[in-house]
Structure formats: C-alpha cells, structure tokens
Amino acid sequence: MLPMDCHTHTSCSPDSTADWQAMCKKAESLGLQAFAITDHIELCRFWSQGFYDVPARNDEDFFDYSLRYERAMQQNQLAKDMLSGKVQVISGIEMGEPDADFALAESLWQDKRLDFVIASLHELPKKLDFYFLDYRQEDVHALLDDYFTTILRICEWGKFDVLGHITYPLRYIEGDAGIPVDLSPWRDCIAAAFEALIRQGRGIELNTSGYRQTYGKPFPDQTLLQLYRDLGGRLLSLGSDAHSPADLGGGIAQGAAIAKAAGFDKVCYFLRHEPHFIEI
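Presented here is an overview of the structure given in this document. Per chain, residues are indexed from 1 in the order of the written sequence. Two thresholds apply to this predicted model, a pLDDT of at least 70 for residue-level local features and 80 or more for giving and counting side-chain atom pairs, whereas whole-chain, interface and lining totals are computed over all residues. Hydrogens are left out, water is left out, and the side-chain values use all remaining heavy atoms of the structure.

1. Things to note about helix H5 (residues 140-157)
Going along the chain from the N terminus, every DSSP run of H or I of four or more residues is numbered as a helix, and every run of E of two or more is numbered as a strand. By this rule the span expected of a helix is its residue count minus one, scaled by 1.5 Å. Here H5 spans 26 Å end to end across 18 residues, near enough to the 26 Å set by a 1.5 Å rise per residue. Regarding H5, the residues found buried are Val140, Leu143, Leu144, Tyr147, Phe148, Thr150, Ile151, Leu152, Ile154, Cys155 and Trp157. Pairs of residues are marked as contacts when any of their non-hydrogen atoms sit within 4.5 Å. Those residues of H5 that are buried are in contact with strand S3 (88-96), helix H4 (102-109), strand S4 (116-120), strand S5 (162-163), helix H6 (170-173) and helix H7 (187-199). Of the residues that open H5, the one with a side-chain oxygen 3.2 Å from the backbone nitrogen of His141 is Asp139. Positioned one or two residues after H5, Gly158 has a phi angle of 80 degrees, which is positive. The classification of residues rests on relative accessible area computed with a 1.4 Å probe and restricted to protein chains. Under 20% of the type maximum is buried, over 50% is exposed, and intermediate values are partly exposed. Nitrogen and oxygen atoms within 3.5 Å of one another constitute a polar contact, given that in protein one can donate a hydrogen and the other can accept it, and given that sequence-neighbouring residues count only through two side-chain atoms.

If you want it as structure tokens, here you go:
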C-alpha cells in the first residue's frame, strides 16, 4: 500500500487531459491512503490576458487561471464525494509564482474549499517557464541565482503548506539539456529557505517525477532532503506530479525509501492546512 500521492493534475491543468474520475479510480486501485488533486493555478496569469495587457509569448501562455480555479474547486469536491470512505481525498492546488501577487496568493490560501497548497516556481519574471528556455543561450548561473533568491522570498512569505519541487530547473538544465549543475553556490540560500519554512511550520514535498524523466532523481535529491532534515525539517509530503492515471503513484515507493534513509519515519498530508502523518 502506498502512503500518499499529494501532487497530481487533471484536465483542469492546461498540460493535462486526465479525467478526474479516472484519476480517482486509479488512486483507489493503488490503495493510496491519501490522494491530493493539485491542479496548476499560475498567479502571474490568474486573470484575463486583457487585465495584464500583454501578448501571449507562445501557444502555451495560458491566462484566466481564475476560471480553472473555480472548476478545480468544484471537481475536488466531487472527487471527495466519489472516494468518501475509501481514500482520503485532499482538495489542493499547485500555486505557481505566488510572488507575482502575494495578496492574491494569500486570499486563495484562505479559501475554505482548500485543504492544501503547494507553492511552486515555474518561471521567473520576463522569462518563460524553465521548460521552454534554450539553455545554449541562457546564463545558467544567473538563472539559478534569480530562481533560488525568489524561492527564499516565497519561503519567507510562507502562506502555503509545502514548497514544491525546489530543484525544478534541474529537470530541464541537467535532465534535458545535459548541463551539469553544482548546487554548492546556492546551498546557503537553500538552507535559509528551509529554515524559513521550518520557522513557520511549513514543509517541503519530495517530488518523484524525476524518476520517470531523463533527470532520474527526485526533487530535491537525497542530499538536499538530508539538509532539510538536519536543519529540523519534519513536514514532508510525497507527490508524483502525475498528469495522467498511468503516472499516478509513480516513484512514491522510491521516494518513501530515500525519505527513510534521510531519517524520516513519517510523511504527511494536509487537511484544512493541518498536517496528518502516515508512518513509512
């Protein structure tokens, strides 16, 4: 039995076509104890394109996430009803770029329909998502400076439950572009981000999507997971970042194993922003 999958996407996210009922059926068949649906809500494009008065930069520069958010809240409640008494369903979102509008981000975090908020950073101001960048033309060191500085700012703000995939850019820089990255220049910044989370009673996720990608490791890897633990971090969720039923639960067993190796005997999910623990 898998303990949880607390990072998943359905067709409410623009990069998924997964039917929410199919995701629920897969969660039940896997014997998940806890299952969070966390569709993408990008704060830098929450309102209409006209509101921001900017051109779309590519075909995947989606706006109007406010509409996706309302649809997600309705769908999450239906999922709770469908799996009531079978699987603990968590109504969540993956809140991208909360630094784009901290006031808006905090208002979403306070929405009574939400149990769980993952804070993520997928893109920097005036830059496309890390997925789209051409690393032959980018200054990788400068990008990571900006990325980890912004991560620290988000962690110091702290109106969310867990920080998502802290080493997200490496999925594309190392995994796809094949450019090795030594994270030691940013270790102090990462440690400061972890300390800010710990002070505020927030956690991190161990995102296992890297196991099924070229990158081949989770986000973060065991070295940074150990750093979080050594600094006093105890709130850890596990998420596959599945965008299809086939990927639901993917890598969770491996993630639980490295969590144990780092000294965790429990992982947690959130209901009404309160952590609930499962032994691993």
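2. Section: the pairing of S3
Of all nine residues making up S3, eight are buried, and the element is well covered by its neighbours. Direction of pairing for S3 relative to S4: parallel, over a ladder of five bridges. Paired with Met95 across the two strands is Ala119, which belongs to S4. Paired strands, as defined in this entry, are two strands with at least two bridges between them according to DSSP.

3. Some words on the environment of His141
Mapped onto the secondary structure, His141 falls in helix H5. Considered as a pair, His141 and Pro185 are 44 residues apart in the sequence and their alpha carbons are 9.2 Å apart. If sequence neighbours within four positions are ignored, His141 has contacts with Pro185 and Trp186.

4. A word on the sheet that holds strand S7 (residues 236-239)
If you trace the seven strands from one edge of the open sheet to the other, you get S1-S2-S3-S4-S5-S6-S7, paired in parallel fashion. Taken across any chain shown, the strands that pair with only one partner, and hence form the sheet edges, are strand S1 (4-5) and S7. With respect to the sheet, helix H9 (residues 252-261) is in contact with S1, strand S6 (203-207) and S7, its orientation differing from that of S7 by roughly 155 degrees. Angles here are taken between N-to-C directions and fall from 0 to 180 degrees, while the axes themselves are lines fitted to C-alpha atoms, restricted in helices to the stretch in contact.

5. Side note on helix H1 (residues 20-30)
Considered for burial, the residues of H1 that qualify are Trp20, Met23, Cys24 and Ala27. On an axial view of H1, the arc spanned by its buried residues comes to 100 degrees, and they lie on one face. Those residues of H1 that are exposed and aimed more than 90 degrees away from the buried face are Lys25 and Ser29. Contact partners of the buried residues in H1: strand S2 (34-42) and helix H3 (65-82). Where H1 starts, the residue carrying a side-chain oxygen 3.0 Å from the main-chain nitrogen of Gln21 turns out to be Asp19. Two residues or fewer past H1, Gly31 is found with a positive phi of approximately 70 degrees. An arc is given here, and it is the one of the directions from the helix axis to the C-beta atoms.

6. Here we look at the packing of aromatic side chains
Aromatic rings in a pair are described by how distant their centres are and how their planes are angled relative to each other. Stacked, edge-to-face and tilted labels apply to pairs of Phe, Tyr and Trp rings (six-membered ring for Trp) whose centres lie within 6.5 Å, assigned for plane angles under 30 degrees, over 60, and everything in between, in that order. Inspection of every chain in the model, using the stated rule, returns 18 aromatic pairs. Considering the side-chain rings of Phe130 and Tyr147, the 5.5 Å spacing of their centres and the 90 degrees angle between planes classify their relative orientation as edge-to-face. Note that Phe130 is positioned in the loop between S4 and H5 and Tyr147 in helix H5, a separation of 17 residues in sequence. A residue is classified by how much of its surface remains accessible, and Phe130, at 1% relative accessible area, is buried. Under the relative-accessibility criterion, Tyr147 is labelled buried at 0%. Look at Trp157 and Phe160: their rings are 6.1 Å apart centre to centre, the planes differ by 35 degrees, and that puts the pair in the tilted class. Residue classification places Trp157 among the buried positions, given a relative accessible area of 13%. Judged by relative accessible area, which is 0%, Phe160 ranks as buried.

7. Quick word on the pattern of salt bridges
We define a salt bridge as a contact between a side-chain nitrogen of Lys or Arg and a carboxyl oxygen of Asp or Glu at a distance within 4 Å. One pass over the full model with this rule turns up 14 salt bridges. Close ionic contact of Arg113 with Glu70 constitutes a salt bridge, the shortest N to O distance being 2.9 Å. With Arg113 in the loop between H4 and S4 and Glu70 in helix H3, the pair connects residues that are 43 residues apart, well separated along the chain. On the basis of relative accessible area, Glu70 is assigned to the partly exposed category, the value being 33%. In this structure, Lys127 engages Glu138 in a salt bridge whose closest nitrogen and oxygen atoms are separated by 2.7 Å. Of this pair, Lys127 sits in the loop between S4 and H5 while Glu138 sits in the loop between S4 and H5; the two residues are 11 residues apart in sequence, bridging distant segments of the chain. Lys127 sits in the partly exposed class, given a relative accessible area of 28%. Residues participating in the shared-partner salt-bridge network are Arg45, Arg57, Asp61 and Glu123.

8. A few points about unusual backbone geometry
A cis amide bond links Phe219 with the next residue in sequence, Pro220, at an omega value of 0 degrees. Checked against the element boundaries, Pro220 lands in the loop between S6 and helix H8 (222-230). With a phi angle near 50 degrees, Arg272 is a residue other than glycine that sits in the positive phi range. Note on placement: Arg272 falls in the loop between strand S8 (266-271) and strand S9 (274-279). One non-glycine residue, His273, adopts positive backbone phi at about 70 degrees. Looking at the element boundaries, His273 is found in the loop between S8 and S9.

Remember, this is a structural readout, not a statement about activity or role.
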